[in-house]
Amino acid sequence: MTEEPRMKGRLQCDLGVLRRGLNEKIFGELLQGVEQRGNMKFFVSFFGAETQEHGRTPTAQKTRGLEAASPGEVKPSGAPGGRRPKSDQSQRSLQKKTPLAVATPRPLASSILTQVLGRGRFQKVGDSLSLRAGEPLELRCRGKVVRWRVPVYLEEEGEGRLRIQHFSQHSRLQLVNSTGADTGEYGCWARHCLDAACAQGGDRQGKTFIFFTDPEELFVPTENYYEVVQLRSHQPALLPCQVTNPLAQVTLHREFPPEEVPVDGTDISFDVKQGFTIHRPRASLAGSLFCLASLGGVRQISTKYMLIYIKYPSSSPKPTIQASATLVRLGENFSVTCTALGEPEIAVDFIWEYPGQKLGRPPYLSEWADVLRREGQVQQEAGSTLYVEEARAGDAGVYTCRATNLQGTGTATTRVRVTRSPRVSPAPS
């Protein structure tokens, strides 16, 4: 028997002993012998890869298969995802120490999400990760009970390309035939159990944003040529022109008249993971806008966004209500008026509830909106008046006015009594 097969057999026999750390003398001699024979690479791969794969038992098979119909044919980059990078001296030094970690339990890493680079080769994922379109993706999430989150595109159309498997101590996500459309956030939640029944423990999560770079698709493809975006005066608006490559230079442009929209980071800012955010919407930004990406001599435009400006009120209406008379005689006419003060150019809708509805009385209404100047402030007074002619006994009761704007609804009520007795006129002074 040659020396290397004999060494391999001895490694297999002593694997359990070494993992429990019961015979450090044998371990030291074995390590020294392997180093002298220049076969350190075999030693590392044997203890690193084999214990990772064979030390865990699958508890469930494929949980779901979601396949995405590609929005367009994308040529693979031609760079195999499993190709090993050349290790430098610092990496080789770390590899020599790898077997020692088998006998000593290691503390949990700060992130439960890792990328699988190859058999027994892992790396922690950071805030973002870039892969070429066409390369496979494999992520591992540590925990007993794991849930995954992937881009909506993959959830709806990922069948056949996306595969998720759960094991006893981790879950694995695999994606093949990747395209630029798969760009987005990938994350997982995991339950870490402190007892057999998993009654005690804590939830942890990990996430990363993955760019699938494609020189032919600088923007993440969308189904629509035009997308309507509401510019609401009280909240930011997002133009979601996501890029597939974080190195792309992106600018914002108006279609008519053709001009570049300045991005100062305050009123408008750009995030490579989301797109442009308009922090202070205004009416002058309404119209057709698009994003322009440039990279390596390639220029592409995004979906066009039709921006519609909507001025939102700061709060819901607070109406007041008043009747022309709270006590009326049978056959008399009276009216009930509801008013609401607010910001100019804000539409307010009024809805009435009144006793005459039960009698089949149709509402007779008049509505208006006036601009008022009070103490240096400009306000709008919107109002609605309900007219009741020839009062009947059934017109007595509660009158309710509901005033509604884009922020909500306010309500006001008053009561009117109808009497048969003549109204008592005040005595002359």
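An account of the accompanying structure is given in this report. Nothing here was measured: the structure is a model prediction, and the numbers come from that model.

## Considering the overall build of the chain
Within the chain, the regular secondary structure consists of 7 helices and 27 strands. For the chain, the proportion of its 429 residues judged to be buried stands at 38%. Intrachain contacts of the chain at a sequence separation of at least 6 include 69% that bridge at least 24 residues. In the form shown here, the chain has an accessible surface area of approximately 25100 Å², with 50% of it arising from carbon and sulfur atoms.

## Let's talk about the sheet that holds strand E21 (residues 327-329)
Pairing is mixed across the open sheet formed by 4 strands, whose spatial order is E21-E27-E26-E23. Each edge of the sheet is formed by a strand with only one pairing partner; in this case those strands are E21 and strand E23 (349-353). Strand-to-strand twist in this sheet, taken as the mean axis angle between neighbours without regard to direction, amounts to 30°. Sheet topology places E23 next to strand E26 (residues 397-405); 5 bridges connect them, and they run antiparallel. Bridge pairing in E26 links Glu353 to Thr400.

## Structural notes on unusual backbone geometry
Here the bond from Phe256 into Pro257 is cis, since omega is -10°, no more than 30 degrees from zero. Phi at Glu390 is positive, roughly 50°, even though this residue is not glycine.

## Remarks on the packing of aromatic side chains
Taken as a whole and judged by the stated rule, the model has 5 aromatic pairs. Arranged with centres 4.7 Å apart and planes meeting at 50°, the rings of Phe270 and Phe276 form a pair that is tilted. Given the relative accessible area of 31%, Phe270 is considered partly exposed.

## What to know about the side chain of Thr277
Tracing the backbone shows Thr277 in strand E16 (residues 275-278). On the basis of relative accessible area, Thr277 is assigned to the buried category, the value being 14%. The residues touching Thr277, leaving out its near neighbours within four places in the chain, are Pro236, Ala237, Leu238, Asp267, Ile268 and Ser269.

## Details of the sheet that holds strand E12 (residues 237-239)
Within the open sheet, the 3 strands sit side by side as E12-E16-E15. Their pairing is antiparallel. In this open sheet, the two strands that pair with only one neighbour each are E12 and strand E15 (268-271). Here the average twist between neighbouring strands, direction ignored, is 25°.

## Things to note about a nonpolar patch on the surface
On the surface, Tyr225, Tyr226, Val228, Met306 and Ile308 cluster together into a nonpolar patch covering about 490 Å² of accessible area. Here Ile308 is to be found in strand E19 (residues 304-310). Under the relative-accessibility criterion, Ile308 is labelled partly exposed at 39%.

## A look at the pattern of salt bridges
Any two side chains of opposite charge can pair, so long as their charged atoms come close to each other. For the coordinates displayed, the defined rule picks out 9 salt bridges. Among the ionic pairs, Asp127 bridges to Lys273, the shortest N-O distance being 2.3 Å. Residue Asp127 is located in the loop between strand E3 (121-124) and strand E4 (128-132), and its partner Lys273 is located in the loop between E15 and E16; the two are separated by 146 residues in the primary sequence. Between Glu255 and Lys304 there is a salt bridge whose closest N-O contact spans 2.7 Å. Residue Glu255 is found in the loop between strand E13 (249-254) and strand E14 (259-261), and its partner Lys304 is found in strand E19; the two are separated by 49 residues along the sequence.

Criteria and thresholds
Residues numbered from 1 in each chain as written. Predicted model: local features only at pLDDT ≥ 70, side-chain atom pairs only at ≥ 80, totals over all residues. Heavy atoms only, no water. Helix = DSSP H or I, 4+ residues; strand = E, 2+ residues; numbered from the N terminus. Buried < 20%, exposed > 50% of the residue type's maximum accessible area, 1.4 Å probe, protein only. Contact = heavy atoms within 4.5 Å. Areas by Shrake-Rupley, 256 points an atom, 1.4 Å probe, with all protein chains shown as cover. Pairing = 2+ DSSP bridges. Axes fitted to C-alpha atoms, helices over the stretch in contact; angles between N-to-C directions. Phe/Tyr/Trp six-rings, centres within 6.5 Å; stacked < 30°, edge-to-face > 60°. Patch = residues over 30% accessible without salt bridge, like charges linked within 9 Å, V, L, I, M, F, W, Y side chains within 5 Å. Salt bridge = Lys/Arg side-chain N within 4 Å of Asp/Glu carboxyl O.

Nothing here speaks to function; it is geometry throughout.
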